[in-house]
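# Observations on chain architecture
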Amino acid sequence: HLPGPLVGVSARAQISPRAIIRPPVCIGAGAVVEDGALVGPDVVLGEGAHVERGVQIERSVVFAGVYVRSSTRDAIVTRQATYPALPGADAKEST
């Protein structure tokens, strides 16, 4: 049986029907993706990560429990900062 487009998404993740998920992605249990957010391709959201409305995340790893408030790509997002941030965006503390 071939995997579907959302393979790697926990059944316990909360993904808005108005969010866009572009595989491949891995979304952990308890993660939240709000309306209008775009996640993927090549994204890992750790357990309990939260992607705010309208945020775009591409080719990035978001650590568990991190609240993402601004768009990012090609980054590692931790509770302390985003490495590297998009041009023109400041690294933000995530709490």
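Note that the structure is predicted; figures quoted are calculated from it, not measured. (Residues numbered from 1 in each chain as written. Predicted model: local features only at pLDDT ≥ 70, side-chain atom pairs only at ≥ 80, totals over all residues. Heavy atoms only, no water.)

### Observations regarding the sheet that holds strand β3 (residues 25-27)
Read from one edge of the open sheet, five strands run β3-β6-β9-β12-β13, paired in mixed fashion. Only two strands of the sheet have a single partner each, and these edge strands are β3 and β13 (82-83). As judged from the two bridges shared by strand β9 (residues 60-62) and strand β12 (residues 76-77), these two strands associate in the parallel manner. Across the sheet, residue Val61 finds its bridge partner in β12, namely Ile76. (Pairing = 2+ DSSP bridges. Helix = DSSP H or I, 4+ residues; strand = E, 2+ residues; numbered from the N terminus.)

### A look at the environment of Leu45
Here Leu45 lies in strand β6 (residues 43-45). Judged by its relative accessible area of 1%, Leu45 is buried. When the C-alpha atoms of Leu45 and Val77 are compared, they prove to be 9.5 Å apart, with 32 residues separating the residues in sequence. Aside from chain neighbours lying at most four places away, what touches Leu45 is Cys26, Ile27, Gly28, Val33, Val39, Val51, Ile57 and Val62. (Buried < 20%, exposed > 50% of the residue type's maximum accessible area, 1.4 Å probe, protein only. Contact = heavy atoms within 4.5 Å.)

### Examining the side chain of Ser16
Of note, Ser16 is situated in the loop between β1 (14-15) and β2 (20-21). Given a relative accessible area of 11%, Ser16 falls into the buried group. Separated by 2.9 Å, the side chain of Ser16 and the backbone nitrogen of Arg18 make a polar contact. Reaching out from Ser16, the side chain makes a polar contact with the side chain of Asp35 at a distance of 2.4 Å. Every residue in contact with Ser16, bar those within four places of it in the chain, is listed here: Val33, Glu34 and Asp35. (Polar contact = N/O pair within 3.5 Å; in protein donor to acceptor, adjacent residues only side chain to side chain.)

### Things to note about unusual backbone geometry
For the bond running from Pro23 to Pro24, omega is 0°, close enough to zero to count as cis. Positionally, Pro24 belongs in the loop between β2 and β3. With omega at 0°, the peptide bond leading from Gly40 into Pro41 counts as cis. Take Pro41: it is sitting in the loop between β5 (38-39) and β6. Phi at Asp42 is positive, roughly 60°, even though this residue is not glycine. A relative accessible area of 42% means that Asp42 is categorised as partly exposed. Unlike most non-glycine residues, Arg59 shows phi in positive territory, near 45°. Here Arg59 lies in the loop between β8 (56-58) and β9.

What is shown is where atoms sit, not what they do.
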